[in-house]
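# Structural characterization, general
Each chain, letter by letter, is given below.
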Amino acid sequence: MPTERLTQLPDTVRRLIEKVSGPVADVGAINAGLNSAIAARVRTTERTLFVKGLPLDHPRVWTQKREAQIGPIVRGIAPQLLWHVEEGGWSLLGFEYVEGGHADYTPGSPDLPTVMATMIRLADVPAPGFELKTMPHRLRTFVDDPAELSWFAGNSLLHTEWNPHNVLITDHGALLVDWGWASLGAAWIDPALWALWLMALGHTAEQAESVAAAHPAWKLAPAEGLDVLARVQQRVWDSIAEQSEDDWARPMQLAAEAWNGHRQAQR
């Protein structure tokens, strides 16, 4: 469920930011995103930061810790993590502020190959030496037979959250943000999950799979594994849409239904 966004920095948060980055000169709200109580562009006397945060007692505060762990290993494909503070009842992350717009996933968008280039670079990042969620574990309640989960197993670092708001298009390429749901799994899962977002934003199933096929791992994706993932994703998005009134849930539900139908028709 979305987290209520604060419109002003609490005094405690401002003091914590100043403790690590110097006096705050200006604060601008960031409206995109659903998962942070605080998301702000913060200008100090030294630099401009993007700061995101959650109260330490928030049920998803673990995502902040996960991003702090992931930050050092995804340098170059994500904004640089400058610091992580847990103090005064808050978990705060400070990133370099990046000028850029959210990715355009519509058919024919020039952003598509840019996003794919970064996705391919991610596939070359070694699995981290700390524990991450795995795709078999995350999807375990959506399969008919636990044996189907073996299709999703792997040791590739996956972003998994391909909402276009999580992809910034800059002059130097695409950068990925919001790594809280980073997971380990089969390398073909990321392009497959991206294809769902492409469908939700105007691609047909055939078009989306054609775009995803530019990823080297797609060529190794087992047809049966893709079939199972399509069925699982329809169940995942049915569940999300049932519980959410956000305007992105229904298009994703329809995309997942269409992809599952497409995969079934290919058998």
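Everything that follows concerns the structure shown earlier in this document.
Our subject in this report is the structure included herewith. (Residues numbered from 1 in each chain as written. Predicted model: local features only at pLDDT ≥ 70, side-chain atom pairs only at ≥ 80, totals over all residues. Heavy atoms only, no water.)

## Let's talk about the overall build of the protein
Summing up its helical and strand segments, the protein has 8 helices and 11 strands in all. Here the C-alpha radius of gyration of the protein, 19 Å, is about what a compact globule of 267 residues would show, namely 18 Å. Dimensions of the protein, computed from the C-alpha atoms along their principal axes, are close to 60 × 35 × 35 Å. Across the 267 residues that make up the protein, the buried fraction comes to 50%. In the protein, once contacts between residues fewer than 6 apart in sequence are set aside, the share between residues at least 24 apart is 69%. Carbon and sulfur atoms provide 49% of the accessible area of the protein, an area that totals close to 12,600 Å². Taken together, the 22 basic and 32 acidic charged side chains of the protein have centroids lying 5 Å from each other. (Helix = DSSP H or I, 4+ residues; strand = E, 2+ residues; numbered from the N terminus. Rg over C-alpha atoms; globule rule 2.2 N^0.38 Å. Buried < 20%, exposed > 50% of the residue type's maximum accessible area, 1.4 Å probe, protein only. Contact = heavy atoms within 4.5 Å. Areas by Shrake-Rupley, 256 points an atom, 1.4 Å probe, with all protein chains shown as cover. Lys, Arg positive; Asp, Glu negative; His and termini not counted. Charge placed at Lys NZ, Arg CZ, Asp CG, Glu CD.)

## Things to note about the sheet that holds strand E6 (residues 101–102)
Strand order across the open sheet formed by 3 strands is E6-E9-E10, with antiparallel pairing between neighbours. The open sheet has two edge strands with one neighbour each: E6 and strand E10 (173–176). Relative to strand E9 (residues 167–170), E6 runs antiparallel, the two sharing 2 bridges. The partner of Gly 101 across the bridge, within E9, is Ile 169. Sitting on the sheet, helix H3 (residues 111–123) touches E6, E9 and E10, and the angle it makes with E10 is about 55 degrees. (Pairing = 2+ DSSP bridges. Axes fitted to C-alpha atoms, helices over the stretch in contact; angles between N-to-C directions.)

## Observations concerning the pattern of salt bridges
Applying the stated criterion to the full structure yields 10 salt bridges. With a shortest N-O distance of 3.8 Å, Arg 138 and Glu 161 are connected by a salt bridge. Here the residue Arg 138 occupies a position in helix H4 (residues 135–138), and Glu 161 occupies one in the loop between strand E8 (156–158) and E9, the gap between them amounting to 23 residues. The closest approach of N and O atoms between Arg 235 and Asp 144, which form a salt bridge, is 2.9 Å. Placement of Arg 235 in helix H7 (residues 223–243) and of Asp 144 in the loop between H4 and E8 is noted, with a sequence separation of 91 residues between them. Take Arg 235: its relative accessible area is 30%, and that puts it in the partly exposed class. (Salt bridge = Lys/Arg side-chain N within 4 Å of Asp/Glu carboxyl O.)

## Side note on the sheet that holds strand E11 (residues 183–185)
Taken in spatial order, the 3 strands of this open sheet run E7-E11-E8, and their pairing is mixed. A single partner strand is all that each edge strand has here, and the edge strands are strand E7 (133–134) and E8. Both E8 and E11 contribute to a ladder of 3 bridges, which runs antiparallel. Residue pairing across strands places Leu 157 opposite Leu 184, the latter belonging to E11.

## Section: the packing of aromatic side chains
Enumeration according to the criterion identifies 5 aromatic pairs in this entry. An angle of 90 degrees between the planes, with centres 5.8 Å apart, marks the rings of Trp 237 and Trp 248 as edge-to-face. With Trp 237 in helix H7 and Trp 248 in the loop between H7 and helix H8 (249–266), this pair connects stretches of sequence that are 11 residues apart. Here Trp 237 falls in the buried class, since its relative accessible area comes to 9%. (Phe/Tyr/Trp six-rings, centres within 6.5 Å; stacked < 30°, edge-to-face > 60°.)

## Topic: the nonpolar core
Core analysis: the largest hydrophobic core is formed by 57 residues, its most contacted members being Tyr 105, Phe 152, Trp 162 and Trp 188. At the level of elements, H3, E8, E9, E10, helix H5 (189–200), helix H6 (205–212), H7 and H8 are the ones that each hand at least two residues to this core. Element by element, the count of residues in this core is highest for H5, at 9 residues. Aside from chain neighbours lying at most four places away, what touches Tyr 105 is Leu 112, Val 115, Trp 162, Asn 163, Pro 164, Val 167, Trp 194, Trp 197, Leu 198, Leu 201 and His 203. Listed in part, the 17 residues of the second largest apolar core include Leu 9, Val 13, Ala 40 and Leu 49. (Core = buried A, V, L, I, M, F, W, Y, C linked by side-chain atoms within 4.5 Å.)

## Some points on the pairing of strand E5 (residues 90–96)
When you tally the buried positions in E5, you get 6 out of 7 residues, the bulk of the element. One ladder, built from 7 bridges, connects strand E3 (residues 48–55) with E5; its direction is antiparallel. Residue pairing in the sheet places Pro 55 in a bridge with Trp 90 of E5. Adjacent in sequence and paired antiparallel, strand E4 (residues 81–87) and E5 are bridged by 2 residues, among which Gly 88 carries a positive phi angle near 60 degrees.

## Quick notes on the environment of Pro 55
Considering the arrangement of structural elements, one finds Pro 55 in strand E3. Between the C-alpha atoms of Pro 55 and Gln 233, which are 178 residues apart in sequence, the distance is 31 Å. Excluding residues within four positions of it along the chain, Pro 55 makes contact with Ala 37, Val 61, Gly 89 and Trp 90.

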